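Residues per chain are reported as follows:
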Amino acid sequence: MLTLCATPIGNLSDITIRSLDILKAADLILCEDTRVTIKLLNHYNITTKLESYHEHNKFAKTTAIIERLQSGQNIALVTDAGTPGISDPGEDLVKACIDAGIEVTSTPGPVAFIVALILSGKSTRRFIFEGFLPTNKKEKLAILQSLANESRTIILYESPHRIEKTLNSILDILGNRNITLAKELTKKFETLIHTTIIDAISMFQAMIPRGEFVLIIQGKDIDLIRQEQIQNWQQISIIEHMDIYLKQGLAEKFAMKKVAIDRGISKRDIYNQIKILDK
């Protein structure tokens, strides 16, 4: 069996008894960086063999890991901090195990973006997690553009050396939003900065950021999205608007209803304006 074991994101006490039991009993522990994980194992006197499994060696190692699991070994997978499978190669190993018919389970535990979200004061009812944005500029902008009208709370991860540039890209495409920047979560120097994107950029211009950040960005106001949609439709005439739906094969009364909804007015208003234009 493969077990994904959640580990602390900062405070070593934030680990479950079940996770410790599994790490002690496993035949092998796979981790991103042995130098990081060994500190946790030493703290809890765990002597299980460690082996690296990360983004740069996952393709070379996955087949051998599957073979070991098929031979009857129990393997635990951990990440440097938090829950495996989120923004790390754990998801690839899970898929490979499922494809090979190998049982996979997990021990729930800390997730950095969830901790940051619930401490941010932003809406937790609906949110979207994008993790780290691509380093490729074109791909990065494409994702941000897809989020321009996102009304859910947006969650991103970002490294310290890219944070200012990323905030500038977010400002250009999403506009100035309320944002919470979180780092060192659960640690002694846990930091949550509740500010705006513009003010965050100014802050980083005056200091050198350290540590990875979780960005919790307020979603776009639904009423504002609706107003912008109505304004866009008003750029064309009602006749042109009707023609769009008529060409799609809608009957006139249904096309009229769609136009009325798009423009935020009543169906009767559309009917009366069309009558005036027909005269």
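Here, the structure is the one placed above.
Residues numbered from 1 in each chain as written. Predicted model: local features only at pLDDT ≥ 70, side-chain atom pairs only at ≥ 80, totals over all residues. Heavy atoms only, no water.

A. How the structure looks around the overall build of the protein. Within the protein, the secondary structure is distributed over twelve helices and ten strands. A globule of 279 residues ought to have a C-alpha radius of gyration of about 19 Å, yet the protein, at 26 Å, is considerably larger. With the C-alpha coordinates of the protein rotated into their principal frame, the extents come out at 90 × 50 × 30 Å. Per-residue burial over the protein gives 41% buried out of 279 residues. Residue pairs at least 24 apart in sequence account for 67% of intrachain contacts in the protein once pairs closer than 6 positions are excluded. In the structure as shown, the protein presents an accessible area of about 15,600 Å², 51% of it carried by carbon and sulfur atoms. With 34 positive and 33 negative side-chain charges, the protein shows a spacing of 5 Å between the two charge centroids. (Helix = DSSP H or I, 4+ residues; strand = E, 2+ residues; numbered from the N terminus. Rg over C-alpha atoms; globule rule 2.2 N^0.38 Å. Buried < 20%, exposed > 50% of the residue type's maximum accessible area, 1.4 Å probe, protein only. Contact = heavy atoms within 4.5 Å. Areas by Shrake-Rupley, 256 points an atom, 1.4 Å probe, with all protein chains shown as cover. Lys, Arg positive; Asp, Glu negative; His and termini not counted. Charge placed at Lys NZ, Arg CZ, Asp CG, Glu CD.)

B. Looking closely at the sheet that holds strand E1 (residues 2–5). The parallel open sheet is built from five strands, whose spatial order is E3-E2-E4-E1-E5. One side of each edge strand has no neighbouring strand; the edge strands of this open sheet are strand E3 (50–52) and strand E5 (104–107). With strand direction ignored, the average angle separating the axes of adjacent strands in the sheet is 25°. Contacting strand E2 (28–31) and E3, helix H2 (residues 34–43) crosses the sheet at an angle of about 155° to E3. Seen against the sheet, helix H4 (residues 90–99) touches E1, E2, strand E4 (75–77) and E5 and runs at an angle of roughly 155° to E1. (Pairing = 2+ DSSP bridges. Axes fitted to C-alpha atoms, helices over the stretch in contact; angles between N-to-C directions.)

C. Summary view of the nonpolar core. If you look at the biggest cluster of nonpolar residues, it comprises 19 residues, and the most contacted ones within it are Leu167, Ile170, Leu181 and Leu215. Elements with a minimum of two residues in this core: strand E7 (153–158), helix H7 (163–174), strand E8 (178–183), helix H8 (197–205) and strand E10 (213–217). In this view, Ile170 contacts Leu144, Leu156, Gly175, Ile197, Leu215 and Ile217; residues no more than four positions away in its chain are not counted. Core analysis: the next-biggest nonpolar cluster, separate from the first, contains 14 residues, Leu28, Ile65, Val94 and Cys97 among them. (Core = buried A, V, L, I, M, F, W, Y, C linked by side-chain atoms within 4.5 Å.)

D. The arrangement of the packing of aromatic side chains in detail. As enumerated under the stated definition, the model contains five aromatic pairs in all. Seen in terms of ring centroids, Phe113 and Phe129 are 4.1 Å apart; in terms of plane orientation they differ by 15°. Their pairing is stacked. Here Phe113 is found in helix H5 (residues 112–120), whereas its partner Phe129 is found in strand E6 (residues 127–132), with 16 residues between them in sequence. A relative accessible area of 26% places Phe129 in the partly exposed class. Taken together, the ring pairs in this structure connect Phe113, Phe127, Phe129, Phe132 and Tyr157 into an aromatic cluster. (Phe/Tyr/Trp six-rings, centres within 6.5 Å; stacked < 30°, edge-to-face > 60°.)

E. Quick look at the pairing of E1. On E1, burial covers both faces: Leu2 and Leu4 on one face and Thr3 and Cys5 on the other are all buried. For E1 and E4, the ladder comprises three bridges, and the chain directions are parallel. Across the sheet, residue Leu2 finds its bridge partner in E4, namely Ile75.

F. Molecular detail of the environment of Asn45. Among the structural elements, Asn45 can be located in the loop between H2 and E3. Each C-alpha atom of the pair Asn45 and Gln231 lies 64 Å from the other, and the pair is 186 residues apart in sequence.

G. Geometry of the environment of Leu40. Take Leu40: it is sitting in helix H2. Those residues within four positions of Leu40 in sequence are excluded, and the remaining contacts are Thr7, Pro8, Leu12 and Ile15.

H. Spotlight on the packing of H7 against H8. Direction vectors running N to C along H7 and H8 enclose 155°, while the axes themselves pass 10 Å from each other. Of the possible angle classes, the one that applies to H7 and H8 is roughly antiparallel. At the point where H7 passes H8, the crossing takes the left-handed sense. Note on element contacts: H8 touches H7 through Ile197, Ile198, Ala200, Ile201, Phe204 and Gln205, opposite Ile163, Glu164, Leu167, Asn168, Ile170 and Leu171. For the contact of H7 with H8, the per-class residue count stands at nine nonpolar, two polar and one charged. (Parallel < 35°, antiparallel > 145°, perpendicular 65-115°, else oblique. Left-handed = near helix turned anticlockwise from the far one by under 90°. Nonpolar A, V, L, I, M, F, W, Y, C, P; charged D, E, K, R; others polar.)

I. Highlighting helix H10 (residues 238–247). Of the positions making up H10, those classed as buried are Ile238, His241, Met242 and Tyr245. Projected down its long axis, H10 carries its buried residues within an arc of 95°, all on one side. Backbone geometry just downstream of H10 places Gly249 in the positive-phi region, at approximately 95°. (Arc of directions from axis to C-beta.)

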